[in-house]
Amino acid sequence: MIKRIGLLTSGGDCQALNATMRGVVKALATMLNEHELEVYGFDDGYKGLIYGKYRMLTSRDFSGILTQGGTIIGTSRQPFKLMRVPDENGLDKVEAMKQTYYKLCLDCLVILGGNGTQKTANLLREEGLNVIHLPKTIDNDIYGTDMTFGFQSAVNIAVNAIDAIHSTAASHGRVFIVEIMGHKVGSLTLESGIAGGADIILIPEIPYDTKKVIEAIEKRAKAGKRFTILAVAEGAISKEDAKLSKKEYKEKLIERAKKYPSVSYEIADKITKKTGQEVRITVPGHTQRGGEPCAYDRVLSTRLGAGAAEAIMEEDYGCMIAIINGKIKRVPLTECAGKLKTVSPKDQTVKAAKMIGISFGD
Ligand code: F6P
């Protein structure tokens, strides 16, 4: 019996996408004879599925890619909210995806991606397709799994950035901000801030008070510390902005973008105005998604990939392959799609950070 599998990677890339696909295909290949497995890789995520752009992949394509960053089949952002909106030529994207699936007689689509990707995977499940979702993102914000692949690799890169800042900050006696990705969630900043020895950590889940941030900087200066390092999440938000409605905050962000490239520049400006201190900003940006996966991610990806292969063999679809308390589990998409995992301000990690004197500006 032939298994026909479609593979796609969607949304922002991250480390270990290739390692995860390799895990799926290698595990399937050991359970099936060579002629029993057909793998189709869709170009650039859902785009390939919509427009019928794909290529057949063989086990050779998955050899030597464990350590390779990016994705061998490409990715693109196809917003979930536009999936039901016809394209510029009037094409019904959902119908087009179903047609490609049925034309290739697929048994299952294995979909690697973040929250938006997962929502579209769930939509396809509702439309009757067999799907399996694998949780990818450096943000670690997918509800239902303790960890996403890409996250630990990104933490390592962000920590390297903070480590490098430490020596220069010490020689000049300056305030430094390292801005860390994570979209609306602070996990990446929290972990890298702690691991990098940041003095102040600002995350979206704990709105900051500028006065408290400045107090923390001044307290360090009074204690004879020559520098302060802030790890600031790209989505960090002040207490006053947190009181705004969604619409008002969106408008505020549009206004802010005219003056500052990102939140860190706004915070730096406030610090300089109030203290006269020099503030320097480092934005590692997309380097956090680049390069090879760390050892942790290689293992996680292999386990998640093998978990997906097992589910395919058992024809158990409509789920995300997750890691929960160290075990690989299948979480129904009905339970996780559309939910965001955020950092709880009461989290033990936050508590430990506060106990050692890290300020969250709250
Ligand atoms: O979701 C991953 C992520 O890197 C976020 O941390 C960040 O906000 C976003 O993607 C950046 O997206 P893009 O690559 O489209 O600029």
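Here the structure is a predicted model, which means the values were calculated and not measured.

S.K.: Please clarify how helix H6 (residues 187-195) should be interpreted in this entry.
M.R.: Helical periodicity: at 3.6 residues per turn, an α-helix aligns residues three or four positions apart in one direction. Within the span of H6, buried status applies to Ser-187, Leu-188, Thr-189, Leu-190, Ser-192 and Gly-193. Tucked inside the fold, the buried residues of H6 contact helix H5 (151-172), strand E6 (175-180), strand E7 (200-202), strand E8 (228-233) and helix H13 (348-355). Just downstream of H6 lies Gly-197, where phi reads positive at about 75°.

S.K.: Mind showing me how you'd approach the pairing of E8 here?
M.R.: In summary, the side chains of a regular strand alternate between the two faces of the sheet. Taking burial as the measure, the six residues of E8 include six buried ones, the bulk of the element. Side chains Thr-228, Leu-230 and Val-232 of E8 all project onto a buried face; the interleaved residues Ile-229, Ala-231 and Ala-233 project onto the opposite face, where all are buried too. Bridge analysis of E7 against E8 gives three bridges, and the strand direction is parallel. Paired with Ile-201 across the strands is Ala-231, a residue of E8. Handedness of the E7-helix H7 (residues 210-222)-E8 crossover: right-handed.

S.K.: Would you take a moment to explain the packing of aromatic side chains for this structure?
M.R.: Any two aromatic rings considered together are summarised by their centre-to-centre distance and by the angle between their planes. A full pass over the atoms with the stated rule returns three aromatic pairs. Taken together, a centroid distance of 5.8 Å and an interplanar angle of 70° make the contact between Phe-42 and Tyr-54 edge-to-face. Placement of Phe-42 in strand E2 (residues 37-42) and of Tyr-54 in strand E3 (residues 54-57) is noted, with a sequence separation of twelve residues between them. Classification of Tyr-54 as partly exposed rests on a relative accessible area of 28%. By the ring-pair criterion, three or more aromatic residues cluster together here, those being Tyr-40, Phe-42 and Tyr-54. The ring of Phe-227 carries the charged tip of Arg-220 above its face, separated from the ring centre by 5.4 Å.

S.K.: How should I be thinking about the sheet that holds strand E1 (residues 3-9) in this particular structure?
M.R.: Through backbone hydrogen bonds, the strands of a sheet pair up, either in parallel or in antiparallel fashion. Taken in spatial order, the seven strands of this open sheet run E3-E2-E1-E4-E5-E10-E11, and their pairing is mixed. Taken across any chain shown, the strands that pair with only one partner, and hence form the sheet edges, are E3 and strand E11 (327-332). Geometrically, the sheet is characterised by an average inter-axis angle of 30° between neighbouring strands, direction not taken into account. Where E2 and E3 come together, four bridges link them in antiparallel fashion.

S.K.: Explain H13 here, please?
M.R.: Capping of H13 at its N-terminal end is provided by Asp-347; its side-chain oxygen lies 2.6 Å from the backbone amide nitrogen of Thr-349. Just beyond H13, the residue with positive phi is Gly-357, at close to 100°.

S.K.: Just to check I follow, could you spell out the domain arrangement of the chain for this structure?
M.R.: By a widely used convention, the size of an interface equals the accessible area lost when the partners come together. As far as domains go, the chain holds domain 1 (3-150 + 293-336) and domain 2 (155-288). Placing a centre on the C-alpha atoms of domain 1 and another on those of domain 2 gives a separation of 34 Å. Overall, the association of domain 1 and domain 2 removes approximately 570 Å² of surface from exposure, summing both partners, and the carbon and sulfur fraction of that is 53%. In terms of surface lost to domain 2, no three residues of domain 1 exceed Gln-15, Ile-138 and Asp-139, which account for 69% of the buried area on that side. Along the contact surface separating domain 1 from domain 2 lie zero salt bridges. Between domain 1 and domain 2 we count one residue pair in polar contact (both at pLDDT 80 or more) in total. Of the residues belonging to the side of domain 1 that touches domain 2, the class tally is two nonpolar, two polar and two charged.

S.K.: So what exactly am I meant to see when it comes to the site of the ligand here?
M.R.: Near the ligand you find Arg-77, Ile-138, Asp-139, Met-181, Gly-182, His-183, Glu-234, His-286 and Arg-289, and these make up its full shell. With respect to the ligand, the backbone of Gly-182 contributes an N or O atom lying 3.0 Å from an oxygen atom. Protein burial of the ligand: of its 400 Å² of free accessible surface, 72% is covered by the chains. Counting residues domain by domain, the shell around the ligand receives three or more from each of domain 1 (3-150 + 293-336) and domain 2 (155-288).

S.K.: Is there a simple way to think about unusual backbone geometry in this case?
M.R.: As a rule of thumb, non-glycine residues mostly have phi less than zero, and peptide bonds are mostly trans rather than cis. At Ala-16, a residue that is not glycine, the phi angle is positive and equals roughly 80°. By secondary structure assignment, the location of Ala-16 is in the loop between E1 and helix H1 (17-31). Residue classification places Ala-16 among the buried residues on the basis of a relative accessible area of 0%. Here the phi dihedral of Cys-105 falls at roughly 50°; this positive angle occurs in a residue that is not glycine.

Reading guide: rules and limits
The residue count restarts for each chain, going from 1 along the sequence in the order it is written. Residue-level local features of this predicted model are given only where pLDDT is at least 70; pairs of side-chain atoms are given and counted only at 80 or more, and the full residue set underlies all totals for whole chains, interfaces and linings. Side-chain descriptors were evaluated using all non-hydrogen atoms of the structure, hydrogens and water having been removed beforehand. Only protein chains enter the accessibility calculation, which uses a 1.4 Å probe; a residue is then buried when its area is under 20% of its type maximum, exposed when over 50%, and partly exposed in between. Elements are defined by DSSP. Helices are runs of H or I of four residues or more, strands are runs of E of two residues or more, and each kind is numbered from the N terminus. Contacts are assigned to residue pairs that have any heavy atoms within 4.5 Å of one another. Strands are treated as partners if at least two bridges between them are detected by DSSP. For the handedness criterion, the strands are oriented away from the viewer, and a crossover whose path from the first strand over the helix to the second runs clockwise is classed as right-handed. Note on ring pairs: Phe, Tyr and Trp rings are taken, using the six-membered ring of Trp, and paired if centres are within 6.5 Å. Classes follow the plane angle, with under 30 degrees stacked, over 60 edge-to-face and the rest tilted. We count a charge as sitting over a ring when the NZ of a lysine or the CZ of an arginine lies within 6 Å of the ring centre and within 35 degrees of the ring normal. Axis angles are defined between N-to-C directions and span 0 to 180 degrees, where every axis is a line fitted to C-alpha atoms and, for a helix, only to the segment in contact. By the criterion applied in these results, polar contacts are pairs of N or O atoms within 3.5 Å in which, for protein atoms, one can donate a hydrogen and the other can accept it, and in which residues neighboring in sequence qualify only through two side-chain atoms. All domain edges in this entry derive from an automatic or database-based domain assignment. By definition, the buried area sums, over both parts, the 1.4 Å-probe accessible area that each loses when the two are put together. Salt bridge, as used here: a side-chain nitrogen of Lys or Arg that lies within 4 Å of a carboxyl oxygen of Asp or Glu. In this classification, the charged set is Asp, Glu, Lys and Arg, the nonpolar set is Ala, Val, Leu, Ile, Met, Phe, Trp, Tyr, Cys and Pro, and all remaining amino acids, among them Gly, are polar. Throughout this document, a residue counts as near a molecule or strand when at least one of its heavy atoms sits within 4 Å of that molecule or strand. Per-residue and other accessible areas follow the Shrake-Rupley method at a 1.4 Å probe size, with only the shown protein chains counted as cover for residues.

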